[in-house]
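Spelled out, the chains give:
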Amino acid sequence: MMGVLSKVFQRLCRQKFPSFPAVRSRICHFASSAHAAASDNSTENDEHPVWSCNEWDPLKEIVVGRAEGQRVPSLAPDLQAKTGPDGWKWIRENAGKPHDPVVVERAAKEVEEFCRILEHEGVVVKRPEPMRWDELGTFKTPYFEEGGYMNACPRDGLLVVADEVIEAPMAWRSRVFEFYPYKKMMNEYFHRGARWTAGPRPAMGDDLFVKDFPFEDTEKRLEMVYKGQFILTESEIALDGADALRFGRDIFVTLSHATNRSGVKWLRRHLRRQGINVHSLIFKGTQNCHADATFMPLRPGLLLVNPVRPCLKINDEPVGWEYFSKRGWDVVVAPPPVTIENMVYVSKWVHMNVLSLDTERVFIQKGEEPLRKLFCDLGLKPIEVDMRNAYHLGGAFHCWTLDIRRTGSLNTYF
(Lines give C-alpha, C1' and ligand atoms only; values in the text may rest on other atoms or scores of the structure.)
Protein backbone atom coordinates (compact mmCIF):
# COMPACT_ATOMS: atom_id res chain seq x y z
CA MET A 1 0.00 0.00 0.00
CA MET A 2 2.78 2.45 0.93
CA GLY A 3 4.54 1.65 -2.36
CA VAL A 4 1.42 2.61 -4.31
CA LEU A 5 0.99 5.82 -2.30
CA SER A 6 4.64 6.73 -2.86
CA LYS A 7 4.26 6.34 -6.64
CA VAL A 8 1.06 8.40 -6.62
CA PHE A 9 2.73 11.12 -4.58
CA GLN A 10 5.71 11.28 -6.94
CA ARG A 11 3.34 11.55 -9.92
CA LEU A 12 1.60 14.45 -8.16
CA CYS A 13 4.97 16.07 -7.56
CA ARG A 14 5.69 16.06 -11.27
CA GLN A 15 2.27 17.55 -12.03
CA LYS A 16 2.23 20.08 -9.20
CA PHE A 17 5.69 21.55 -9.60
CA PRO A 18 6.53 21.44 -13.33
CA SER A 19 8.40 24.76 -13.14
CA PHE A 20 10.41 23.95 -10.04
CA PRO A 21 12.59 20.95 -10.88
CA ALA A 22 14.82 21.35 -7.82
CA VAL A 23 11.91 21.63 -5.43
CA ARG A 24 10.05 18.82 -7.20
CA SER A 25 13.03 16.50 -7.00
CA ARG A 26 13.45 17.24 -3.30
CA ILE A 27 9.83 16.42 -2.55
CA CYS A 28 9.92 13.24 -4.63
CA HIS A 29 13.12 12.28 -2.80
CA PHE A 30 11.39 12.70 0.53
CA ALA A 31 8.36 10.75 -0.69
CA SER A 32 10.72 7.84 -1.31
CA SER A 33 12.33 8.42 2.09
CA ALA A 34 8.93 8.34 3.76
CA HIS A 35 8.18 5.04 2.00
CA ALA A 36 11.47 3.61 3.24
CA ALA A 37 10.76 4.84 6.75
CA ALA A 38 7.35 3.15 6.78
CA SER A 39 9.05 0.01 8.03
CA ASP A 40 9.72 1.85 11.32
CA ASN A 41 7.72 0.86 14.38
CA SER A 42 5.68 4.07 13.95
CA THR A 43 1.93 3.98 13.38
CA GLU A 44 -0.61 6.28 11.79
CA ASN A 45 -2.28 8.63 14.22
CA ASP A 46 -5.96 7.77 13.86
CA GLU A 47 -5.83 5.65 16.99
CA HIS A 48 -4.04 8.28 19.10
CA PRO A 49 -5.69 11.25 20.85
CA VAL A 50 -2.30 13.00 20.59
CA TRP A 51 -0.03 12.50 17.59
CA SER A 52 2.23 15.06 15.94
CA CYS A 53 5.72 14.33 14.66
CA ASN A 54 6.69 17.37 12.60
CA GLU A 55 5.64 20.89 11.60
CA TRP A 56 3.98 20.10 8.24
CA ASP A 57 1.86 16.94 8.17
CA PRO A 58 -1.92 17.52 7.67
CA LEU A 59 -3.29 19.22 10.78
CA LYS A 60 -6.31 17.68 12.50
CA GLU A 61 -6.47 19.16 16.01
CA ILE A 62 -4.85 22.18 17.64
CA VAL A 63 -4.82 24.27 20.82
CA VAL A 64 -5.05 28.05 20.39
CA GLY A 65 -4.17 30.42 23.24
CA ARG A 66 -6.21 33.28 24.72
CA ALA A 67 -5.58 37.02 24.67
CA GLU A 68 -7.62 37.83 27.78
CA GLY A 69 -6.10 38.16 31.23
CA GLN A 70 -2.56 39.19 30.29
CA ARG A 71 -0.44 41.06 32.80
CA VAL A 72 2.86 42.90 32.33
CA PRO A 73 5.52 40.97 34.32
CA SER A 74 8.39 42.53 36.22
CA LEU A 75 11.76 42.98 34.52
CA ALA A 76 13.37 39.90 36.04
CA PRO A 77 16.74 38.78 34.60
CA ASP A 78 15.11 36.14 32.41
CA LEU A 79 12.85 38.71 30.73
CA GLN A 80 15.43 41.47 30.51
CA ALA A 81 17.77 39.23 28.50
CA LYS A 82 15.01 38.40 26.02
CA THR A 83 13.93 42.01 25.40
CA GLY A 84 15.71 45.15 24.21
CA PRO A 85 16.59 48.43 25.92
CA ASP A 86 13.57 50.15 24.37
CA GLY A 87 11.32 47.60 26.05
CA TRP A 88 12.98 47.71 29.48
CA LYS A 89 11.66 51.19 30.26
CA TRP A 90 8.12 50.25 29.22
CA ILE A 91 8.18 47.03 31.29
CA ARG A 92 9.47 48.84 34.39
CA GLU A 93 6.76 51.48 34.08
CA ASN A 94 3.94 48.99 33.50
CA ALA A 95 4.98 45.95 35.57
CA GLY A 96 2.01 44.46 37.39
CA LYS A 97 -0.56 46.25 35.24
CA PRO A 98 -2.95 44.71 32.71
CA HIS A 99 -2.09 45.13 29.05
CA ASP A 100 -3.84 47.87 27.09
CA PRO A 101 -7.50 46.71 27.03
CA VAL A 102 -7.96 48.02 23.49
CA VAL A 103 -5.05 45.93 22.20
CA VAL A 104 -6.27 42.89 24.14
CA GLU A 105 -9.80 43.23 22.74
CA ARG A 106 -8.53 43.58 19.19
CA ALA A 107 -6.14 40.66 19.64
CA ALA A 108 -8.96 38.49 21.00
CA LYS A 109 -11.04 39.21 17.89
CA GLU A 110 -8.10 38.39 15.62
CA VAL A 111 -7.54 35.09 17.41
CA GLU A 112 -11.24 34.21 17.24
CA GLU A 113 -11.17 34.79 13.48
CA PHE A 114 -8.06 32.62 13.23
CA CYS A 115 -9.91 29.86 15.13
CA ARG A 116 -12.92 30.21 12.83
CA ILE A 117 -10.74 29.75 9.76
CA LEU A 118 -9.03 26.71 11.27
CA GLU A 119 -12.41 25.13 11.97
CA HIS A 120 -13.58 25.96 8.45
CA GLU A 121 -10.54 24.04 7.18
CA GLY A 122 -11.69 21.01 9.20
CA VAL A 123 -9.35 21.40 12.19
CA VAL A 124 -10.62 20.70 15.72
CA VAL A 125 -9.77 23.75 17.88
CA LYS A 126 -9.31 23.53 21.66
CA ARG A 127 -8.84 26.51 23.99
CA PRO A 128 -7.28 26.68 27.48
CA GLU A 129 -9.32 27.77 30.47
CA PRO A 130 -9.47 31.55 30.94
CA MET A 131 -6.95 32.75 33.51
CA ARG A 132 -7.04 36.35 34.77
CA TRP A 133 -3.40 36.95 35.60
CA ASP A 134 -4.22 40.67 35.49
CA GLU A 135 -6.52 40.21 38.51
CA LEU A 136 -4.76 37.53 40.56
CA GLY A 137 -1.95 39.69 41.96
CA THR A 138 1.45 38.25 42.87
CA PHE A 139 2.55 34.88 44.22
CA LYS A 140 5.58 33.96 46.29
CA THR A 141 7.84 30.93 46.11
CA PRO A 142 10.80 30.20 48.43
CA TYR A 143 13.04 31.89 45.84
CA PHE A 144 11.15 34.81 44.30
CA GLU A 145 7.95 36.84 44.19
CA GLU A 146 6.18 37.52 40.90
CA GLY A 147 2.80 37.56 39.18
CA GLY A 148 1.48 35.75 36.13
CA TYR A 149 2.04 36.86 32.57
CA MET A 150 0.09 35.30 29.70
CA ASN A 151 -2.22 32.60 28.44
CA ALA A 152 -1.46 33.23 24.79
CA CYS A 153 1.32 30.87 23.69
CA PRO A 154 0.80 27.17 24.52
CA ARG A 155 3.79 26.15 22.40
CA ASP A 156 6.18 27.85 24.84
CA GLY A 157 5.28 25.60 27.75
CA LEU A 158 4.26 22.40 25.96
CA LEU A 159 5.92 20.14 23.41
CA VAL A 160 4.15 17.35 21.52
CA VAL A 161 6.38 14.55 20.25
CA ALA A 162 4.48 11.71 18.58
CA ASP A 163 1.92 10.49 21.15
CA GLU A 164 3.43 12.32 24.12
CA VAL A 165 2.73 15.74 25.62
CA ILE A 166 5.75 17.14 27.45
CA GLU A 167 5.43 19.97 29.96
CA ALA A 168 8.54 22.01 29.28
CA PRO A 169 10.57 23.05 32.35
CA MET A 170 10.36 26.78 31.60
CA ALA A 171 12.71 29.25 33.30
CA TRP A 172 10.43 32.31 33.27
CA ARG A 173 9.52 33.36 36.79
CA SER A 174 6.31 35.01 35.60
CA ARG A 175 5.20 31.82 33.84
CA VAL A 176 5.73 29.24 36.57
CA PHE A 177 1.98 28.50 36.80
CA GLU A 178 1.16 29.04 33.15
CA PHE A 179 0.44 25.37 32.52
CA TYR A 180 -2.52 25.36 34.93
CA PRO A 181 -5.13 26.50 32.34
CA TYR A 182 -4.21 23.40 30.28
CA LYS A 183 -4.38 20.86 33.13
CA LYS A 184 -7.97 19.67 32.55
CA MET A 185 -7.40 19.45 28.80
CA MET A 186 -4.24 17.37 29.18
CA ASN A 187 -5.90 15.18 31.79
CA GLU A 188 -8.60 14.41 29.22
CA TYR A 189 -5.98 13.49 26.60
CA PHE A 190 -4.23 11.30 29.20
CA HIS A 191 -7.40 9.33 29.97
CA ARG A 192 -7.93 8.83 26.26
CA GLY A 193 -4.49 7.23 25.97
CA ALA A 194 -1.92 10.00 25.50
CA ARG A 195 1.41 9.90 27.27
CA TRP A 196 1.93 12.91 29.54
CA THR A 197 5.33 13.86 30.95
CA ALA A 198 6.25 16.80 33.16
CA GLY A 199 9.82 18.01 32.80
CA PRO A 200 11.79 18.76 36.00
CA ARG A 201 10.69 22.32 36.76
CA PRO A 202 13.45 24.69 37.89
CA ALA A 203 13.14 26.49 41.23
CA MET A 204 14.50 29.62 39.51
CA GLY A 205 16.60 30.88 42.35
CA ASP A 206 19.23 33.53 41.68
CA ASP A 207 21.81 30.85 40.92
CA LEU A 208 20.01 30.00 37.66
CA PHE A 209 20.89 33.41 36.20
CA VAL A 210 24.36 34.63 35.26
CA LYS A 211 25.61 37.11 37.82
CA ASP A 212 26.65 40.46 36.33
CA PHE A 213 25.24 39.57 32.93
CA PRO A 214 26.34 42.24 30.37
CA PHE A 215 22.83 43.37 29.38
CA GLU A 216 24.04 46.58 27.68
CA ASP A 217 27.29 45.29 26.15
CA THR A 218 26.33 44.00 22.69
CA GLU A 219 29.85 42.90 21.75
CA LYS A 220 30.29 40.89 24.93
CA ARG A 221 26.86 39.30 24.51
CA LEU A 222 27.67 38.21 20.93
CA GLU A 223 30.91 36.64 22.18
CA MET A 224 28.92 34.70 24.78
CA VAL A 225 26.36 33.57 22.20
CA TYR A 226 29.05 32.05 19.97
CA LYS A 227 30.09 29.96 22.98
CA GLY A 228 26.49 28.98 23.66
CA GLN A 229 26.32 31.12 26.81
CA PHE A 230 23.16 33.04 27.69
CA ILE A 231 21.44 34.42 30.79
CA LEU A 232 20.89 30.91 32.19
CA THR A 233 23.53 28.95 34.09
CA GLU A 234 23.51 25.16 34.20
CA SER A 235 22.44 24.96 37.85
CA GLU A 236 19.03 23.62 36.78
CA ILE A 237 17.32 22.18 33.72
CA ALA A 238 15.60 24.83 31.57
CA LEU A 239 13.73 24.27 28.31
CA ASP A 240 11.05 26.14 26.34
CA GLY A 241 8.92 24.13 23.93
CA ALA A 242 9.12 26.92 21.34
CA ASP A 243 12.90 26.50 21.20
CA ALA A 244 12.29 23.09 19.60
CA LEU A 245 11.33 22.41 15.98
CA ARG A 246 10.35 18.88 14.98
CA PHE A 247 11.62 17.18 11.82
CA GLY A 248 10.29 13.68 12.53
CA ARG A 249 13.02 11.64 14.16
CA ASP A 250 15.22 14.74 14.43
CA ILE A 251 14.42 17.67 16.72
CA PHE A 252 16.49 20.85 16.64
CA VAL A 253 16.56 22.84 19.89
CA THR A 254 18.02 26.34 20.03
CA LEU A 255 20.19 27.25 22.99
CA SER A 256 18.83 30.59 24.16
CA HIS A 257 17.88 32.79 27.08
CA ALA A 258 15.08 30.27 27.72
CA THR A 259 16.83 26.94 27.07
CA ASN A 260 20.19 25.82 28.45
CA ARG A 261 22.42 22.87 27.69
CA SER A 262 20.93 20.93 30.60
CA GLY A 263 17.50 21.32 29.00
CA VAL A 264 18.77 19.92 25.68
CA LYS A 265 20.52 17.09 27.52
CA TRP A 266 17.36 16.18 29.43
CA LEU A 267 15.21 16.12 26.28
CA ARG A 268 17.85 14.11 24.41
CA ARG A 269 17.96 11.45 27.11
CA HIS A 270 14.18 11.38 27.44
CA LEU A 271 13.54 10.86 23.71
CA ARG A 272 16.49 8.60 22.94
CA ARG A 273 14.49 5.47 23.77
CA GLN A 274 12.05 6.38 20.97
CA GLY A 275 14.86 6.63 18.43
CA ILE A 276 14.57 10.43 18.24
CA ASN A 277 17.72 12.52 17.82
CA VAL A 278 17.84 15.88 19.64
CA HIS A 279 20.30 18.42 18.22
CA SER A 280 21.41 21.72 19.75
CA LEU A 281 21.55 24.81 17.53
CA ILE A 282 23.00 28.27 18.09
CA PHE A 283 22.10 31.27 15.95
CA LYS A 284 23.57 34.78 15.96
CA GLY A 285 21.72 37.36 18.05
CA THR A 286 21.55 39.00 21.45
CA GLN A 287 17.92 38.47 22.50
CA ASN A 288 17.80 34.82 21.42
CA CYS A 289 14.55 33.22 22.51
CA HIS A 290 12.65 30.57 20.54
CA ALA A 291 13.42 29.03 17.18
CA ASP A 292 10.34 29.78 15.11
CA ALA A 293 11.20 33.30 13.95
CA THR A 294 14.71 32.19 12.94
CA PHE A 295 14.12 29.00 10.94
CA MET A 296 10.99 27.07 10.02
CA PRO A 297 10.52 23.82 8.06
CA LEU A 298 7.63 24.23 5.62
CA ARG A 299 7.53 20.69 4.25
CA PRO A 300 10.04 17.85 3.81
CA GLY A 301 13.10 19.28 2.12
CA LEU A 302 12.18 22.98 2.40
CA LEU A 303 13.53 25.24 5.16
CA LEU A 304 12.82 28.96 5.62
CA VAL A 305 15.61 30.90 7.39
CA ASN A 306 16.13 34.39 8.79
CA PRO A 307 18.75 36.40 6.84
CA VAL A 308 19.94 38.38 9.88
CA ARG A 309 20.28 35.42 12.25
CA PRO A 310 22.75 33.01 10.67
CA CYS A 311 23.20 29.58 12.14
CA LEU A 312 26.52 29.45 14.01
CA LYS A 313 26.70 25.92 15.37
CA ILE A 314 24.79 22.65 15.40
CA ASN A 315 25.75 20.18 18.12
CA ASP A 316 28.60 22.61 18.89
CA GLU A 317 30.12 22.09 15.45
CA PRO A 318 30.71 25.38 13.53
CA VAL A 319 28.28 24.85 10.65
CA GLY A 320 25.65 27.09 9.10
CA TRP A 321 22.40 26.35 7.31
CA GLU A 322 24.45 24.25 4.87
CA TYR A 323 24.02 21.51 7.49
CA PHE A 324 20.53 21.14 6.00
CA SER A 325 21.38 21.74 2.34
CA LYS A 326 24.08 19.05 2.49
CA ARG A 327 21.39 16.65 3.67
CA GLY A 328 19.05 17.30 0.77
CA TRP A 329 17.09 20.32 2.02
CA ASP A 330 16.46 23.51 0.03
CA VAL A 331 17.23 26.49 2.26
CA VAL A 332 15.21 29.60 1.37
CA VAL A 333 15.87 33.05 2.84
CA ALA A 334 12.85 34.93 4.17
CA PRO A 335 12.26 38.45 2.81
CA PRO A 336 12.16 41.31 5.33
CA PRO A 337 8.73 42.08 6.81
CA VAL A 338 6.72 45.00 5.44
CA THR A 339 3.81 45.32 7.90
CA ILE A 340 5.45 44.60 11.28
CA GLU A 341 7.86 46.60 13.44
CA ASN A 342 9.85 45.50 16.48
CA MET A 343 7.72 45.25 19.62
CA VAL A 344 8.46 44.78 23.31
CA TYR A 345 8.07 41.00 23.33
CA VAL A 346 8.72 40.07 19.69
CA SER A 347 10.86 41.24 16.79
CA LYS A 348 9.56 42.25 13.38
CA TRP A 349 10.78 38.88 12.07
CA VAL A 350 7.79 37.27 13.77
CA HIS A 351 6.27 37.20 10.27
CA MET A 352 8.33 34.00 9.84
CA ASN A 353 6.33 32.46 12.70
CA VAL A 354 3.97 30.69 10.30
CA LEU A 355 1.76 27.66 10.83
CA SER A 356 1.43 24.92 8.23
CA LEU A 357 -1.93 23.22 7.69
CA ASP A 358 -0.20 20.68 5.47
CA THR A 359 2.62 20.60 2.92
CA GLU A 360 0.81 23.21 0.77
CA ARG A 361 -1.36 25.48 2.92
CA VAL A 362 0.29 27.81 5.42
CA PHE A 363 -0.97 30.66 7.61
CA ILE A 364 0.86 33.97 7.18
CA GLN A 365 0.34 37.57 8.26
CA LYS A 366 -2.06 39.46 6.00
CA GLY A 367 -0.27 42.08 3.91
CA GLU A 368 3.17 40.45 3.97
CA GLU A 369 3.31 40.51 0.18
CA PRO A 370 7.00 39.56 -0.30
CA LEU A 371 6.56 36.49 1.90
CA ARG A 372 3.28 35.60 0.19
CA LYS A 373 4.91 35.83 -3.24
CA LEU A 374 7.87 33.70 -2.14
CA PHE A 375 5.54 31.01 -0.81
CA CYS A 376 3.48 31.02 -4.00
CA ASP A 377 6.66 30.68 -6.07
CA LEU A 378 7.54 27.65 -3.94
CA GLY A 379 4.21 26.02 -4.70
CA LEU A 380 2.65 26.83 -1.32
CA LYS A 381 -0.84 28.23 -0.80
CA PRO A 382 -0.69 31.05 1.79
CA ILE A 383 -3.75 31.73 3.95
CA GLU A 384 -3.57 35.38 5.01
CA VAL A 385 -4.87 36.32 8.47
CA ASP A 386 -4.34 39.57 10.36
CA MET A 387 -2.75 38.97 13.80
CA ARG A 388 -0.93 42.28 14.31
CA ASN A 389 -2.51 43.07 17.67
CA ALA A 390 -1.89 39.54 18.90
CA TYR A 391 1.83 40.01 18.27
CA HIS A 392 1.92 42.68 20.99
CA LEU A 393 0.99 39.96 23.50
CA GLY A 394 3.83 37.62 22.65
CA GLY A 395 3.88 35.73 19.35
CA ALA A 396 2.37 34.81 15.98
CA PHE A 397 0.65 31.76 14.46
CA HIS A 398 3.16 29.12 15.54
CA CYS A 399 3.60 30.48 19.07
CA TRP A 400 -0.14 30.99 19.64
CA THR A 401 -0.82 27.32 18.89
CA LEU A 402 0.07 23.77 19.82
CA ASP A 403 -0.69 21.10 17.25
CA ILE A 404 -2.18 18.09 18.99
CA ARG A 405 -2.88 15.83 16.03
CA ARG A 406 -1.37 15.64 12.57
CA THR A 407 -1.67 12.66 10.26
CA GLY A 408 1.44 10.77 9.21
CA SER A 409 4.16 8.67 10.78
CA LEU A 410 7.33 9.25 12.74
CA ASN A 411 9.80 9.29 9.86
CA THR A 412 13.39 10.27 9.10
CA TYR A 413 13.95 13.25 6.76
CA PHE A 414 17.77 13.40 6.70
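Just so we're clear, the structure is a prediction, and the values are computed from it rather than from any experiment. (Residues numbered from 1 in each chain as written. Predicted model: local features only at pLDDT ≥ 70, side-chain atom pairs only at ≥ 80, totals over all residues. Heavy atoms only, no water.)

## Remarks on the overall build of the protein chain
Phase 1: Of regular secondary structure, the protein chain possesses 13 helices and 18 strands.
Phase 2: Taking all 414 residues of the protein chain together, 59% fall into the buried category.
Phase 3: Counted over contacts in the protein chain with a minimum sequence separation of 6, partners at least 24 positions apart contribute 75%.
Phase 4: As displayed, the protein chain has an accessible area near 17,000 Å², and 51% of this comes from carbon and sulfur atoms. (Helix = DSSP H or I, 4+ residues; strand = E, 2+ residues; numbered from the N terminus. Buried < 20%, exposed > 50% of the residue type's maximum accessible area, 1.4 Å probe, protein only. Contact = heavy atoms within 4.5 Å. Areas by Shrake-Rupley, 256 points an atom, 1.4 Å probe, with all protein chains shown as cover.)

## Observations concerning the sheet that holds strand β15 (residues 355-356)
Consider a sheet: its strands pair through backbone hydrogen bonds, and that pairing is either parallel or antiparallel.
Phase 1: A sheet is described by the order of its strands in space; here 3 strands give the open sequence β15-β16-β17, paired in mixed fashion. Of all strands in the sheet, those bounded by a partner on one side alone are β15 and β17 (381-385).
Phase 2: Pairing of β15 with strand β16 (residues 361-365) involves 2 bridges; the strand directions are antiparallel. Following the sheet pairing, Ser356 is matched in β16 by Val362. (Pairing = 2+ DSSP bridges.)

## Here's the deal with the sheet that holds strand β5 (residues 158-161)
Phase 1: Across the sheet, which stays open at both edges, the 3 strands sit in the order β5-β6-β7 with mixed pairing between neighbours. Taken across any chain shown, the strands that pair with only one partner, and hence form the sheet edges, are β5 and β7 (195-198). Taking each pair of neighbouring strands and ignoring which way they run, the sheet shows an average axis angle of 20°.
Phase 2: Note that β5 and strand β6 (residues 164-167) share 4 bridges and pair antiparallel. When the sheet's bridge partners are listed, Val160 is paired in β6 with Val165.
Phase 3: Its contacts with the sheet place helix α8 (residues 183-191) against β5, β6 and β7, and it is angled at close to 135° to β7. (Axes fitted to C-alpha atoms, helices over the stretch in contact; angles between N-to-C directions.)

## Let's talk about helix α10 (residues 261-272)
The periodicity of an α-helix, 3.6 residues per turn, causes residues three or four places apart in sequence to face the same way.
Phase 1: A rise of 1.5 Å per residue sets the reference length of α10, with its 12 residues, at 16 Å; its end C-alpha atoms lie 16 Å apart and thus fit the reference within 8%.
Phase 2: All buried positions along α10 are accounted for by Ser262, Gly263, Val264, Trp266, Leu267, His270 and Leu271.
Phase 3: On its buried side, α10 packs onto β5, β6, β7, β9 (250-254) and β10 (277-283). (Expected span 1.5 Å × (residues − 1).)

## Side note on helix α12 (residues 369-377)
Phase 1: Those residues of α12 that fall on the buried side of the exposure criterion are Leu371, Leu374 and Phe375. Within α12, the buried residues cover an arc of 95° as seen down the axis, which keeps them to one side.
Phase 2: Those residues of α12 hidden inside the fold are in contact with β11 (295-299), β12 (302-305), β14 (330-333), β16 and β17.
Phase 3: Positive phi appears at Gly379, one or two residues downstream of α12, with a value of about 85°. (Arc of directions from axis to C-beta.)

## Some details on the packing of aromatic side chains
Phase 1: Taken as a whole and assessed by the stated rule, the structure comprises 29 aromatic pairs.
Phase 2: Between Phe295 and Phe324 the ring centres are 6.5 Å apart and the planes differ by 45°, which places this aromatic pair in the tilted class. Pair noted here: Phe295 is in strand β11 and Phe324 is in helix α11 (residues 322-325), with a separation of 29 residues, a long-range link.
Phase 3: Judged by its relative accessible area of 0%, Phe295 is buried.
Phase 4: Given the relative accessible area of 0%, Phe324 is considered buried.
Phase 5: Among the aromatic residues, ring-to-ring pairing joins Trp56, Phe247, Phe252, Phe295, Trp321, Tyr323, Phe324, Trp329, Tyr413 and Phe414 into one connected group. (Phe/Tyr/Trp six-rings, centres within 6.5 Å; stacked < 30°, edge-to-face > 60°.)

## Points about the side chain of Ser262
Phase 1: Along the chain, Ser262 falls in helix α10.
Phase 2: Separated by 2.6 Å, the side chains of Ser262 and Glu234 make a polar contact. (Polar contact = N/O pair within 3.5 Å; in protein donor to acceptor, adjacent residues only side chain to side chain.)

## Some words on the nonpolar core
Phase 1: Ranked by internal contacts, the top residues of the largest apolar core, which has 58 residues, are Phe114, Leu118, Phe363, Met387, Tyr391 and Trp400.
Phase 2: Every element with two or more residues in this core is listed here: β1 (59-64), α3 (77-82), α4 (85-94), α5 (101-120), β17 and α13 (388-391).
Phase 3: With 8 residues, the top contributor of residues to this core is α5.
Phase 4: Counting 33 residues, the second largest nonpolar core, distinct from the first, contains Ala291, Phe295, Cys311 and Leu374. (Core = buried A, V, L, I, M, F, W, Y, C linked by side-chain atoms within 4.5 Å.)

## What to know about the pairing of β11
Phase 1: Taken across its 5 residues, β11 has 5 buried, putting it largely inside the fold.
Phase 2: The antiparallel pairing of β11 with β12 creates a hairpin that spans 2 residues between the two strands, and Gly301 there sits at a positive phi of about 90°.

## Brief notes about the environment of Thr359
Phase 1: Tracing the chain through its elements places Thr359 in the loop between β15 and β16.
Phase 2: Between the C-alpha atom of Thr359 and that of Glu55, which follows or precedes it by 304 residues, the distance is 9.2 Å.
Phase 3: Once residues lying within four places of it in the same chain are set aside, the contact partners of Thr359 are Trp56, Leu298, Arg299, Pro300 and Leu380.

## Description of the environment of Ala334
Phase 1: With respect to the element layout, Ala334 can be found in the loop between β14 and β15.
Phase 2: Overall, Ala334 belongs to the buried group, its relative accessible area being 2%.
Phase 3: For the pair Ala334 and Phe295, spaced 39 residues apart in sequence, the C-alpha to C-alpha distance is 9.1 Å.
Phase 4: For Ala334, the residues in contact, after removing those within four places along its chain, are Leu304, Val305, Pro307, Trp349 and Met352.

## Comments concerning the confidence of the model for the protein chain
Phase 1: Confidence along the protein chain averages 91 in pLDDT terms, with 89% of residues attaining 70 or more.
Phase 2: The low-confidence segment residues 1-29, where pLDDT is below 50, has 34 contacts with residues more than four positions distant or belonging to other chains.
Phase 3: In the model, residues 31-43 has pLDDT below 50 throughout and makes 26 contacts with residues more than four positions away in sequence or in other chains. (pLDDT = per-residue confidence, 0-100.)

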